[in-house]
Amino acid sequence: MTFNKYFVIDFDSTFTKVEAFDVLAEIIVKEHPNSENIKKKIFEITNLGMEGKISLRESIEKRLDILQPEKRHLVPLIKQLKLVVSESFKRNKEFFSTYADNIYIISNGFREFIEPVVTEFGIKPENILANEFIFDELEKVIGFDLNNPLSANNGKVEQLKRLNLNGDVYVIGDGYTDYEIKHAGLANKFFAFTENIERESVLSKADHITPSLDEFLYLNKLNTTISYPKNRINVLLLENVHPVALELMKAEGFNVETYPAGLDEDELCEKIKNISVLGIRSKTQVTAKVLESANRLMVIGAFCIGTNQIDLKAATKKGVAVFNAPFSNTRSVVELAIAEMILLMRGIIDKSTKMHEGKWDKSAKGSFEIRGKKLGIIGYGNIGAQLSVIAENLGMKIFYYDKEEKLALGNATKCKSLKDLLALADVITLHVDGKESNANLIGAAEFNAMKKGVIFLNLSRGHVVDVKALRESILNGTVAGCSVDVFPYEPISNDEEFMSELRGLPNTILTPHIGGSTSEAQENIGNFVPGKMMDYINTGSTSNSVNFPNLTLPILENAHRLIHIHNNVPGILAKINHILADNGVNIVGQYLKTNEQIGYVITDINKEYNKEMIKEMRAIENTIKFRVLY
């Protein structure tokens with residue numbers, strides 16, 4: 001049976017992210033001393049053409065006359081264009097090879113730079129409809145083929161008339177000239193492509209707005225690479241996560257919304273209803289109530305180390321994977337801890353305050369080096385261990401306590417108990433996680449067990465320290481210097497006043513939960529967390545998830561991937577395989593991993609699946625979530 005659908009696709013700002021002629025102009029003007037003047041002239045001519053004050057042919061002639069391109073200029077142009085093919089086109093390369101006979105590229109640009117780009121996607125040279133340069137013997141452009149309909153106004157319409165395609169014609173483009181094909185009755189539908197640019201005058205004319213090629217393929221049941229268009233997956237990023245996270249997720253094709261602050265529970269319950277991917281930092285509380293409102297939520301990314309702001313049990317019960325950034329801001333927290341130890345041991349904070357008040361208090365009293373002092377680290381994880389190494393290199397003697405067995409680095413000594421560490425340390429720093437069992441880990445009894453004049457730091461979680469007991473210990477001199485970066489309650493935005501019993505105390509540094517807030521750390525986190533979330537959505541991989549069984553999966557090739565999340569009860573795998581066998585489906589790969597709450601089964605199959613089989617999978621008792629990936 002002959003496939004009678006044809007796809008006519010624009011090149012500039014559709015197949016590629018840019019206007020090729022603009023890139024050519026950039027390449028050429030670099031050679032000219034008056035490049036700014038040339039750019040200005042090109043811009044003016046382009047605008048005249050867009051406004052209809054000069055014809056398309058006149059616009060091309062004028063720009064070529066100014067630029068005077070040569071064949072050698074096309075080499076860097078083609079190289080650059082290959083790098084800026086639209087992301088959704090790159091994702092769906094298989095579509096172009098599958099329907100190569102029925103795909104046409106149409107452009108008022110030139111074949112010489114279009115053909116090398118699009119043929120790499122399997123598009124046939126004879127299906128490229130574009131202008132052509134005329135070169136002289138010195139390989140300089142001296143004109144273009146004036147008989148080509150695409151060199152004149154209404155050229156795309158004329159070209160489609162000559163093609164006389166016998167079947168349904170779908171046009172994908174970003175410009176008015178692409179719409180004109182539909183308006184002339186030569187296409188069934190016009191799809192306004194908005195991945196790279198949105199033109200209001202074009203959007204109003206479109207039969208459908210397609211933010212990506214994924215959307216077009218999904219609407220027309222032509223999917224060959226993905227099971228669901230990314231632009232239909234809503235992402236919500238809160239609390240000013242690093243812009244690189246936004247860029248990465250937009251480049252992947254997701255529909256991304258950002259919000260600068262956290263949201264309270266009721267606000268988030270309302271906002272999360274149609275969200276599939278949620279990105280937060282430390283302020284936003286993702287409670288069981290919030291998760292109950294999350295109809296479509298697949299994954300949460302915590303753009304920080306801790307995840308105690310997320311109800312992990314409720315998320316797991318709901319089938320929502322959670323990822324964090326356990327290593328990305330380690331160095332930043334360590335550097336702040338070192339800096340604060342030095343400031344507190346020297347009494348710098350109080351001296352600085354007095355200087356601002358006009359008081360000159362030059363004295364060595366109560367001012368000490370950190371060299372030779374005993375540093376007690378409570379929590380010997382990623383941060384505690386790295387702090388151990390750096391502090392030892394500064395001459396400190398390192399002692400640590402951790403409930404789990406951890407390898408001591410350098411000359412660090414493990415203490416048998418927390419009490420032992422408290423009794424010997426000159427400086428105590430907390431780097432434990434935020435689990436409930438750590439609530440008030442350091443209270444009045446622990447402060448009383450410390451050396452008089454101890455320096456105390458908490459850069460872990462606010463609820464692990466009894467703040468009232470800390471205040472009393474500062475006032476009675478047990479704690480000679482204190483630094484706190486985390487608090488039991490933290491303002492939800494910068495507009496809310498910070499309230500704490502620790503305000504105004506001597507030799508006390510209070511910072512607004514900025515231990516990991518450096519440009520380097522936030523960029524590292526902005527790269528790491530989206531990568532994990534996108535990997536989960538795209539492949540089902542749960543590597544580094546804090547609540548799902550960890551599975552690192554191979555890239556899927558020539559198969560379908562079925563993802564089944566269920567309560568961890570016996571017999572689920574057998575039921576899955578029974579359904580597959582009854583439907584005559586062959587398994588090419590299967591992976592199962594469980595934790596206390598859930599089982600996670602990945603099944604790769606090499607046969608087309610039917611809707612009834614999918615219904616049976618979803619109907620298995622104790623199923624939490626089921627989805628299909630191509």
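Residues numbered from 1 in each chain as written. Predicted model: local features only at pLDDT ≥ 70, side-chain atom pairs only at ≥ 80, totals over all residues. Heavy atoms only, no water.

1. Some points on the packing of helix α5 (residues 71–83) against helix α8 (residues 111–118)
- In the contact formed by α5 and α8, the axes pass within 9 Å of each other and the chain directions differ by 40°. By the angle between their axes, α5 is oblique relative to α8. Crossing of α5 against α8: the hand is right-handed. In contact with L74, L77, I78, L81 and K82 of α5, α8 contributes E112, F113, P116 and V117. (Axes fitted to C-alpha atoms, helices over the stretch in contact; angles between N-to-C directions. Helix = DSSP H or I, 4+ residues; strand = E, 2+ residues; numbered from the N terminus. Parallel < 35°, antiparallel > 145°, perpendicular 65-115°, else oblique. Left-handed = near helix turned anticlockwise from the far one by under 90°. Contact = heavy atoms within 4.5 Å.)

2. Focus on helix α9 (residues 155–163)
- Taken together, the buried positions of α9 are occupied by G155, K156, V157, Q159 and L160.
- Tucked into the core, α9 has its buried residues touching β1 (5–10), β2 (103–110), β3 (128–131) and α10 (176–183).
- The first or second residue beyond α9 is N164, which carries a positive phi of 50°. (Buried < 20%, exposed > 50% of the residue type's maximum accessible area, 1.4 Å probe, protein only.)

3. Some remarks on the packing of helix α13 (residues 243–251) against helix α23 (residues 519–539)
- Where α13 contacts α23, the two axes come as close as 7 Å, and the packing angle between them is 30°. It follows from the interaxial angle that α13 and α23 lie roughly parallel. For the crossing formed where α13 meets α23, the hand is right-handed. Counting all contacts with α13, which are made through V244, A245, L248 and M249, the residues of α23 involved are E523, G526, N527, P530, M533 and M534.
- Among the residues forming the contact of α13 with α23, the class breakdown is seven nonpolar, two polar and one charged. (Nonpolar A, V, L, I, M, F, W, Y, C, P; charged D, E, K, R; others polar.)

4. Some words on the nonpolar core
- Counting 49 residues, the largest nonpolar core has F11, F15, F95, F96, F113 and F216 as the members making the most contacts within it.
- Leaving out residues up to four positions away in the same chain, F113 has contacts with A20, L74, L77, I78, L81 and F133.
- A245, V277, Y536 and I563 belong to the second-largest nonpolar core, a separate cluster that totals 30 residues. (Core = buried A, V, L, I, M, F, W, Y, C linked by side-chain atoms within 4.5 Å.)

5. Some points on the sheet that holds strand β12 (residues 299–302)
- Spatial ordering of the open sheet is given by β10-β9-β11-β12-β13, a layout of five strands whose pairing is parallel. The sheet terminates laterally at β10 (255–258) and β13 (321–323), the two strands that pair on one side only. Within this sheet the neighbouring strands show an average axis-to-axis angle of 15°, counted without direction.
- Here α23 sits on the sheet in contact with β11 (277–280), β12 and β13, set at roughly 165° to β12. (Pairing = 2+ DSSP bridges.)

6. Considerations on the environment of N440
- Within the element layout of this structure, N440 appears in the loop between β17 (427–430) and α21 (444–448).
- Those residues in contact with N440 that sit more than four places away from it in its chain are H463, V464, V465 and D466.

7. Describing the sheet that holds strand β22 (residues 587–594)
- Strand order across the open sheet formed by four strands is β22-β23-β21-β24, with antiparallel pairing between neighbours. The outermost strands of the open sheet, each flanked by one partner alone, are β22 and β24 (623–629). Ignoring which end each strand starts from, the neighbouring axes of this sheet average 10° apart.
- The pairing of strand β21 (residues 560–567) with β24 spans six bridges and is classified as antiparallel. Opposite H566, over in β24, you have T623 as the bridge partner.
- Sitting on the sheet, helix α24 (residues 572–582) touches β21, β22 and β23 (598–605), and the angle it makes with β22 is about 160°.
- Set on the sheet, helix α25 (residues 611–619) makes contact with β21, β23 and β24; between it and β24 the angle comes to about 150°.

8. Structural notes on the pairing of β3
- As judged from the three bridges shared by β2 and β3, these two strands associate in the parallel manner. Its bridge partner lying in β3, F110 is registered against N131.
- As a crossover connection, the stretch from β2 through α8 into β3 is right-handed. (Right-handed = clockwise from strand over helix to strand, strands pointing away.)

9. Brief notes about the packing of aromatic side chains
- Counted by the stated rule, this structure contains 30 aromatic pairs.
- Relative to F110, the ring of F21 has its centre 6.4 Å away and its plane inclined at 55°; by these criteria the two rings are tilted. Separated by 89 residues along the polypeptide, F21 in helix α2 (residues 20–29) and F110 in strand β2 bring together distant segments of the chain. Taken as a pair, F21 and F110 share a single burial class, namely buried. (Phe/Tyr/Trp six-rings, centres within 6.5 Å; stacked < 30°, edge-to-face > 60°.)

10. Notes on the pairing of strand β7 (residues 189–193)
- Burial runs high along β7: four of the five residues are buried.
- As judged from the four bridges shared by strand β6 (residues 168–173) and β7, these two strands associate in the parallel manner. Along β7, the bridge assignment pairs G173 with A192.
- Where the polypeptide runs from β6 across α10 and back to β7, its parallel neighbour, the crossover connection is right-handed.
- Across three bridges, β7 lies against strand β8 (residues 208–210) in parallel orientation. Counted as the bridge partner of F191 is H208 from β8.

11. Here's the deal with the pattern of salt bridges
- The tally for this structure, following the rule as stated, stands at 32 salt bridges.
- The closest approach of N and O atoms between E31 and R72, which form a salt bridge, is 3.0 Å. A residue pair is termed long-range when its members are at least 10 positions apart, and E31 in the loop between α2 and α3 (35–50) and R72 in helix α5 qualify at 41 residues.
- Under the relative-accessibility criterion, E31 is labelled partly exposed at 43%.
- For R72, a relative accessible area of 46% gives the class partly exposed.
- With a shortest N-O distance of 3.2 Å, E405 and K414 are connected by a salt bridge.
- On the basis of relative accessibility, which here comes to 68%, the residue E405 falls in the exposed class. (Salt bridge = Lys/Arg side-chain N within 4 Å of Asp/Glu carboxyl O.)

12. Considerations on the environment of K273
- Positionally, K273 belongs in the loop between α14 (265–271) and β11.
- Its relative accessible area of 34% is what places K273 among the partly exposed residues.
- Dropping the residues within four chain positions of it, K273 is found in contact with S293, N295 and R296.
- There is a polar contact of 3.2 Å between the side chain of K273 and the side chain of E270. (Polar contact = N/O pair within 3.5 Å; in protein donor to acceptor, adjacent residues only side chain to side chain.)

13. Remarks on unusual backbone geometry
- If you check the backbone angles, N440 has positive phi at about 50° while not being a glycine.
- Phi at N622 is positive, roughly 80°, even though this residue is not glycine.
- Here N622 is to be found in the loop between α25 and β24.

14. Quick word on the side chain of S332
- Here S332 lies in helix α17 (residues 330–346).
- In this structure the side chain of S332 is engaged in a polar contact, spanning 2.6 Å, whose partner is the side chain of T518.
- Beyond its immediate chain neighbours, meaning those up to four positions away, S332 contacts G515, G516, T518 and A521.

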